[in-house]
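Geometric and topological summary
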Amino acid sequence: MGAPGAGKGTQARLLAERKGIPHVSTGDILREAQEHGTPLGRQARDFMERGQLVPDDVVVGIVEDRLRNGDCVHGCILDGFPRTVTQARALERLGNPPTSVVALVVPEEELVRRLTGRRVCRACGTMFHVTSNPPRVAGVCDRCRGELYQRDDDLESTIRRRLEVYAEQTAPVLKHYRDAGLLHEVPGTGDREEVYQRVAATLR
Ligand code: AMP
């Protein structure tokens, strides 16, 4: 867990890669649905463009389908879900309560700096930053040579809205997991390897 720009996607990808379990990102699934123009993608587009959350029943349905997939039998890294207390309760009802919840903590001005400069590979999802982590060739992914793009919701006005939504709707989920004794709050500042070591240590 963590606010937009806290590094959830970067850390979840690293963890999944190094621990050999699937990375399940509701944001990635929704963006992919939009690229393919599916009914789910069309349903989600307006909410995402405005920086709002997609309705709970839609996202819970996505996660339910994804967890039924055989590759999640030994667990997975959930990224960007649950984002509301209703979603957290639904996850418990599905019989998949999380065993550990990591929240990355980053000051707001750093979140805005990261998001306004973020560029993402359209093909493999690797993330870059125009000044603090630029690709070797502008606009091209170092890893797979895919095209880098700026997410529609990474525009400054939408970023502010996403941060408000996080404080209003997602912060209560932190309390839910804190009360359950599952929450590990980890500083999300520093380079990605440093943050990874902190995250991995809490999960060990
Ligand atoms: P992310 O890639 O996690 O930053 O998500 C991007 C956008 O997708 C969010 O701003 C929401 O509009 C939508 N989204 C992703 N995950 C969820 C979720 N669990 N619940 C509701 N909306 C979500």
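Below is a short write-up of the structure. (Residues numbered from 1 in each chain as written. Predicted model: local features only at pLDDT ≥ 70, side-chain atom pairs only at ≥ 80, totals over all residues. Heavy atoms only, no water.)

**With respect to the site of the ligand**
Near the ligand there are 16 residues, and of these Thr 26, Arg 31, Gln 52, Gly 80 and Gln 87 occur at the shortest range. Residue Gln 52 places a main-chain N or O atom 2.6 Å away from an oxygen atom belonging to the ligand. Against a free-state accessible area of 480 Å², the protein chains account for coverage of 96% of the ligand. In terms of residue count, the dominant contributor to the shell around the ligand is helix α2 (residues 26-35) (four residues). Here the shell around the ligand is built from residues that sort into six nonpolar, five polar and five charged. (Near = heavy atom within 4 Å. Polar contact = N/O pair within 3.5 Å; in protein donor to acceptor, adjacent residues only side chain to side chain. Areas by Shrake-Rupley, 256 points an atom, 1.4 Å probe, with all protein chains shown as cover. Helix = DSSP H or I, 4+ residues; strand = E, 2+ residues; numbered from the N terminus. Nonpolar A, V, L, I, M, F, W, Y, C, P; charged D, E, K, R; others polar.)

**A short note on the side chain of Arg 114**
For Arg 114, the location among the structural elements is in helix α6 (residues 108-116). Within the structure, the side chain of Arg 114 is placed 3.0 Å from the backbone oxygen of Gly 5, a separation counted as a polar contact. Polar contacts involving the side chain of Arg 114 include one to the main-chain carbonyl oxygen of Gly 188, which spans 2.8 Å. Apart from residues no more than four positions distant in its own chain, Arg 114 is found in contact with Gly 5, Ala 6, Gly 7, Val 106, His 129, Gly 188 and Thr 189. (Contact = heavy atoms within 4.5 Å.)

**A look at the sheet that holds strand β5 (residues 127-129)**
As summarised here, the arrangement of the three strands in space is β5-β4-β6, forming an open sheet in which the pairing is antiparallel. Edge strands, defined here as strands with exactly one partner in the open sheet, are β5 and β6 (148-149). (Pairing = 2+ DSSP bridges.)

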